[in-house]
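Below, each chain spelled out in residue letters.
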Amino acid sequence: GAGVSQSPRYKVAKRGQDVALRCDPISGHVSLFWYQQALGQGPEFLTYFQNEAQLDKSGLPSDRFFAERPEGSVSTLKIQRTQQEDSAVYLCASSLDGDGSGANVLTFGAGSRLTVL
Amino acid sequence: AQSVAQPEDQVNVAEGNPLTVKCTYSVSGNPYLFWYVQYPNRGLQFLLKYITGDNLVKGSYGFEAEFNKSQTSFHLKKPSALVSDSALYFCAVRDPKNAGNMLTFGGGTRLMVKP
């Protein structure tokens, strides 16, 4: 597609519910990133994929957070047993580079805003 | 570890005046530096980047930034601000030696341009 698409745009969950957030990266983009942006703050890194391989998950805040990209394209971020502190905008980004140089630009989706009641 | 600091939560400037949004960084080696802008309910949009070469980088919408290695800074500038420039601006750094490829963002600076 023309851009990075994320769904749902808005999600309200009751505390304890599981949620799944989807990211459709730009076609052909090798690298995919998930970031968490709390209100009034900058994005915080969660995890990184190169194709289907999850190369870095050091930013995932707890074992309740899980991400996958099984076919190297669409990615899903799953949060189990949601807590109020999980409320944030979850941003997905993709980039073309697969060489690990890091010089390529990340293209971000509009984000999924999660509110946990 | 890599980090970015944006010391100003908000910058106010009158339309037509020059603007500067400050950014300092910390990495172990030579950095890759980026500026992104975020409009309400939108994702981050790329403005410009410094990888290597000329210290003055020109980007989208008339913005530019100057890489200063001695001061570890990468301030964003524009000669003449527009009301439509009002948005949230994020500086970001990547350490090319970091195999994880992670982009680290600052806390953001809200730019308010008044008519």
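In this report, we go over the structure that sits alongside the text. Computed from a predicted model, the values in this text were never measured in an experiment.

### With respect to the side chain of B:Gln2
Residue and element names in this part refer to chain B.
Stage number 1. Summarising the element assignment, Gln-2 is placed in the segment before β1 (3-5).
Stage number 2. In this structure Gln-2 comes out as buried when scored by relative accessible area, which is 13%.
Stage number 3. A polar contact is formed between the side chain of Gln-2 and the backbone nitrogen of Asp-95, at a distance of 3.0 Å.
Stage number 4. From its side chain, Gln-2 meets the backbone oxygen of Met-102 in a polar contact 2.9 Å long.

### Quick word on the nonpolar core
Residue and element names in this part refer to chain B.
Stage number 1. By size, the foremost hydrophobic cluster in this structure holds 28 residues, and its most contacted members are Trp-35, Leu-47, Leu-48, Phe-74, Leu-76 and Tyr-89.
Stage number 2. Of all the secondary structure elements, the ones that give two or more residues to this core are β2 (10-14), β3 (19-21), β5 (32-38), β6 (44-50), β8 (64-68), β9 (73-78), β10 (87-94) and β12 (109-114).
Stage number 3. The contact partners of Phe-74, leaving out residues within four places of it in the chain, are Cys-23, Leu-33, Phe-34, Trp-35, Leu-48, Lys-49, Tyr-50, Ala-65, Glu-66, Phe-67 and Cys-91.

### A short note on the packing of aromatic side chains
Stage number 1. In the structure shown here, the tally under the stated rule is 14 aromatic pairs over all chains.
Stage number 2. With a centroid separation of 5.5 Å and an interplanar angle of 85°, the aromatic rings of A:Phe108 and B:Tyr36 are classed as edge-to-face. Taken as a pair, A:Phe108 in strand β10 (residues 107-108) and B:Tyr36 in strand β5 lie in two separate chains rather than in one.
Stage number 3. Overall, A:Phe108 belongs to the buried group, its relative accessible area being 8%.

### Examining the pairing of strand β3 (residues 19-24) of chain A
All names here are of chain A.
Stage number 1. The two faces of β3 differ: Val-19, Leu-21 and Cys-23 on one face are buried, but Ala-20, Arg-22 and Asp-24 on the other face are not.
Stage number 2. Two strands pair when backbone bridges link them, and strand β1 (residues 5-7) and β3 are joined in this way by three bridges, in the antiparallel orientation. The residue of β3 that forms the bridge with Ser-5 is Asp-24.
Stage number 3. Sheet topology note: the β3/strand β8 (residues 75-79) ladder contains five bridges and is antiparallel. Bridging from a neighbouring strand, Ala-20 pairs with Lys-78 of β8.

### Description of the pattern of salt bridges
Stage number 1. By the definition in use, this model includes five salt bridges over all chains.
Stage number 2. Among the salt bridges present, the one from A:Asp86 reaches A:Arg64, with a minimum N-O distance of 2.8 Å. One end of the pair, A:Asp86, is in the loop between β8 and β9 (88-95); the other, A:Arg64, is in the loop between β6 (53-56) and β7 (65-68), with 22 residues separating them in the sequence. The pair A:Asp86 / A:Arg64 is uniform in exposure class, with both members buried.
Stage number 3. Of the charged contacts, one joins B:Asp85 and B:Lys78 as a salt bridge, the two residues approaching to 2.8 Å between their closest N and O atoms.

### Things to note about the interface of chain B and chain A
Stage number 1. At the interface, 22 residues of chain B touch 25 residues of chain A.
Stage number 2. Interface of chain B and chain A: buried area, both sides summed, is about 1800 Å²; carbon and sulfur atoms make up 52% of it.
Stage number 3. Joining chain B to chain A, the criterion identifies zero salt bridges.
Stage number 4. Scanning the region where chain B abuts chain A turns up three residue pairs in polar contact (both at pLDDT 80 or more).
Stage number 5. If you list the elements that add at least two residues to the side of chain B that touches chain A, you get β5, β6 and β10 of chain B.

The rules behind the values
Residues numbered from 1 in each chain as written. Chains lettered and ligands numbered in written order. Predicted model: local features only at pLDDT ≥ 70, side-chain atom pairs only at ≥ 80, totals over all residues. Heavy atoms only, no water. Helix = DSSP H or I, 4+ residues; strand = E, 2+ residues; numbered from the N terminus. Buried < 20%, exposed > 50% of the residue type's maximum accessible area, 1.4 Å probe, protein only. Polar contact = N/O pair within 3.5 Å; in protein donor to acceptor, adjacent residues only side chain to side chain. Core = buried A, V, L, I, M, F, W, Y, C linked by side-chain atoms within 4.5 Å. Contact = heavy atoms within 4.5 Å. Phe/Tyr/Trp six-rings, centres within 6.5 Å; stacked < 30°, edge-to-face > 60°. Pairing = 2+ DSSP bridges. Salt bridge = Lys/Arg side-chain N within 4 Å of Asp/Glu carboxyl O. Buried area = accessible area lost by both parts, 1.4 Å probe.

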